[in-house]
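Chain by chain, the residues run as shown.
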Amino acid sequence: MSEEALRSVDLRKTYESRGAPPVEALSGVSMEVHRGERVALLGRNGAGKTTFLRIASTLLRPSSGAVEVFGIDVTRSPERARPYIAVVPQEGKPFFHLTPREQIYTYLRARGFARETARYRTEESLERMGLTPFADRLSVTLSGGQRQRTMVATVIATEAPLLFLDEPTIGMDPFARREVWASLRALTQKGSTILLTTHYLDEAEVLSNRLYIIEHGQVLSSGTADELKRSVGGTLKVLVPDGASQVDRFRSYGTCVTDGLSLTVIVNPNTLNEVMEVVGRAGMTATVGPVTLEEAFLRAVGRSINED
Ligand SMILES: Nc1ncnc2c1ncn2[C@@H]1O[C@H](COP(=O)(O)OP(=O)(O)OP(=O)(O)O)[C@@H](O)[C@H]1O
Ligand SMILES: [Mg+2]
């Protein structure tokens, strides 16, 4: 097996549908995920994250380019790649007529695990995801967050070498999200590799070793969260809620990004006082905080990840 858990080269996908113009969802995505890494794809709605994950996990064919999983070309040899991967699809649901315990156990058996191992892994995964109290209820009776936990628990239980998770914590409460993060960390400590997508900047920052910012089917920026934050060009952000129209007054102090009506000025501590004086003279107010991934995202994409 090759060194990388995943490698894509110039991956492209155009969706063709009759009666509608073609949609170019991926426009040449090249990336690597090293073994044992947790990597996040961060991008707005429609950026191409799910398309990438579906191709990489053998569920969809690319228009051109290649993806290898542990050196196996997933388009040419999907059946060879599948034993190495497990997937939580976006908006996946557990089987309604199975309980979480049955669902996890059945899936592990279908993947070829012996009864004893499947039983043990099922209990461990139910416990880890806080599902024990609901383990014997039909999935149809579970809440949305409990169903999503069941999906994640099913895939975590496989301990597959490479896990794809498409928005794994969507709809979960903060406690459940932390359980997922801890479980995914534990898995990579055991040797698995993880590629996930998320809209949550805190999740991307806490969970991933590296991230790729994607927009319009292209990688705009990549690196560790710290590297991306350093690339913003300052350590503090001054958020002026109504400042967009006054952007020219601030340009000489640091990088300015407008987002709707608001203006964010990225500054270093030594220019903060001057910037706050400009804010005051303009009769506006501002809040100051440390630079976060949000600013790295804004700088790379030009728009906020949360904006419609
Ligand atoms: N089956 C399809 N047929 C036509 N267009 C599609 C199809 N699936 C996705 N698309 C389009 O491809 C683009 C990328 O979609 P994709 O689902 O990969 O985005 P995403 O980054 O996962 O978005 P989200 O954050 O909303 O899940 C979008 O413009 C979408 O409308
Ligand atoms: Mg998606």
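Source: prediction; values computed, not measured. (Residues numbered from 1 in each chain as written. Chains lettered and ligands numbered in written order. Predicted model: local features only at pLDDT ≥ 70, side-chain atom pairs only at ≥ 80, totals over all residues.)

**Student:** Looking at this model, I keep getting lost on the packing of helix α4 (residues 115-128) against helix α5 (residues 144-158). Mind explaining?
**Tutor:** The geometry of a pair of packed helices is captured by two quantities: the angle between their axes and the separation between those axes. For the pair α4 and α5, the least separation of the axes is 9 Å and the interaxial angle reads 135 degrees. Between α4 and α5, the crossing angle belongs to the class labelled oblique. With respect to the hand of their crossing, α4 and α5 are arranged in right-handed fashion. Of the residues in α5, those touching α4 at Arg121, Thr122, Ser125 and Leu126 are Ala153, Ile156 and Ala157. Across the contact of α4 with α5, the residue classes tally to four nonpolar, two polar and one charged. (Axes fitted to C-alpha atoms, helices over the stretch in contact; angles between N-to-C directions. Helix = DSSP H or I, 4+ residues; strand = E, 2+ residues; numbered from the N terminus. Parallel < 35°, antiparallel > 145°, perpendicular 65-115°, else oblique. Left-handed = near helix turned anticlockwise from the far one by under 90°. Contact = placed C-beta atoms within 7 Å. Nonpolar A, V, L, I, M, F, W, Y, C, P; charged D, E, K, R; others polar.)

**Student:** Please explain the pairing of strand β13 (residues 262-267) as it appears in this structure.
**Tutor:** Buried residues dominate β13, accounting for five of its six residues. One ladder, built from five bridges, connects strand β11 (residues 236-240) with β13; its direction is antiparallel. By the bridge assignment for β13, leucine 239 is matched with threonine 264. Of the strand pairs in this sheet, strand β12 (residues 255-259) and β13 are connected by five bridges, and their pairing is antiparallel. By the bridge assignment for β13, aspartate 259 is matched with serine 262. Here β12 hands over to β13 after two residues, with glycine 260 in that stretch at a positive phi of 65 degrees. (Buried ≥ 20, exposed ≤ 12 C-beta atoms within 10 Å, placed from the backbone. Pairing = 2+ DSSP bridges.)

**Student:** Got a minute to help me understand the site of ligand 1 in this structure?
**Tutor:** Around ligand 1, a shell composed of 13 residues is seen, among which Tyr15, Ala25, Lys49, Thr50 and Thr51 lie nearest. Elements with a contribution of two residues or more to the shell around ligand 1: β1 (4-17), β2 (20-34) and α1 (49-56). Looking at which element gives the most residues to the shell around ligand 1, the answer is α1, with three residues. Residues that form the shell around ligand 1 fall into these classes: four nonpolar, eight polar and one charged. (Near = placed C-beta within 6 Å.)

**Student:** Just to check I follow, could you spell out the sheet that holds β11 for this structure?
**Tutor:** Sheet strands associate in pairs through backbone hydrogen bonding, adopting either a parallel or an antiparallel arrangement. In spatial order, the strands read β12-β13-β11-β14; together these four strands make up an open sheet with antiparallel pairing. Pairing within the sheet leaves two strands with one partner each, and these edge strands are β12 and β14 (287-290). When strand polarity is set aside, the average angle formed by the axes of neighbouring strands in this sheet is 25 degrees. Across the sheet, helix α10 (residues 293-301) touches β11, β12 and β13, and the angle it forms with β12 is around 85 degrees.

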